[in-house]
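Each chain is listed here by its residues.
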Amino acid sequence: QVQLVESGGGLVQAGDSLRLSCAASALNFGAYNMGWFRQAPGKERELVATITQSGSHTYYTDSVKGRFTISRDNAKNTVTLQMNSLRPEDTAVYYCAAGLITWGAARQGRNYRYWGQGTQVTVSS
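Scoring rules and cut-offs
Residues numbered from 1 in each chain as written. Predicted model: local features only at pLDDT ≥ 70, side-chain atom pairs only at ≥ 80, totals over all residues. Heavy atoms only, no water. Core = buried A, V, L, I, M, F, W, Y, C linked by side-chain atoms within 4.5 Å. Buried < 20%, exposed > 50% of the residue type's maximum accessible area, 1.4 Å probe, protein only. Helix = DSSP H or I, 4+ residues; strand = E, 2+ residues; numbered from the N terminus. Phe/Tyr/Trp six-rings, centres within 6.5 Å; stacked < 30°, edge-to-face > 60°. Lys NZ or Arg CZ within 6 Å of the ring centre and 35° of its normal. Pairing = 2+ DSSP bridges. Axes fitted to C-alpha atoms, helices over the stretch in contact; angles between N-to-C directions.

Turning next to the nonpolar core. Counting 30 residues, the largest nonpolar core has Leu4, Trp36, Leu81, Met83 and Tyr94 as the members making the most contacts within it. Going through the elements one at a time, β3 (18-25), β4 (33-39), β5 (46-51), β7 (68-73), β8 (78-83), β9 (92-99) and β11 (119-124) are the ones with two or more residues in this core. Ranked by size, the runner-up nonpolar core spans 7 residues in total, among them Phe37, Ile101, Ala105 and Ala106.

Structural data, given as structure tokens:
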């Protein structure tokens, strides 16, 4: 049974950093495009960042460019999201997701097959 387990969320102040991790099991991890999504209360889920199978390409939504970094370790079946200079508007539940998809399909959440349970990130002003 495929599992994606996120960790690293928490309550921080504006300007602080957090590092989210997602550990995958029972998955041919290196074959999957990985993404981080988030959903704030009352808002739709949005893509935060995505990374190709090899890690050679990444994409970030505009609001996090220059502040967040996605990376992966295929030997450890993990994907991380380093979040710096956090803002109150970054408050959300963050989910990692895995999709056996091409880069062209990586920005749409509906294309991802497996999802984690989410981890809460709260940024106070």
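What follows continues from the structure just given.
A word on unusual backbone geometry. Phi angles above zero are rare outside glycine, and Asn77 is one such case at about 55°. Residue position: Asn77 is located in the loop between β7 and β8. A relative accessible area of 22% places Asn77 in the partly exposed class. In this structure, Ser85 takes a positive phi of about 50° despite not being glycine. As for its placement among the helices and strands, Ser85 is situated in the loop between β8 and β9.

This structure, assessed with the given rule, holds 4 aromatic pairs. Their ring planes at 80° and their centres at 5.1 Å tell us that Phe37 and Tyr112 sit as a pair that is edge-to-face. Of the two residues, Phe37 sits in strand β4 while Tyr112 sits in the loop between β9 and β10 (114-115), which places them 75 residues apart along the sequence. The burial state of Phe37 is the same as that of Tyr112; both residues are buried. One aromatic cluster in this structure is built from Phe37, Tyr112 and Trp115. Stacked on the ring of Phe37, the Lys or Arg Arg45 has its end atom at 5.7 Å from the ring centre.

Strand order in this open sheet of 4 strands is β1-β3-β8-β7, and the pairing throughout is antiparallel. The sheet is open, and its two edges are formed by β1 (3-7) and β7, each paired on a single side. Between one strand axis and the next, the sheet turns by 15° as a mean value, whatever way the strands run. Where β1 lies against β3, 5 bridges are found, and the strand directions are antiparallel.

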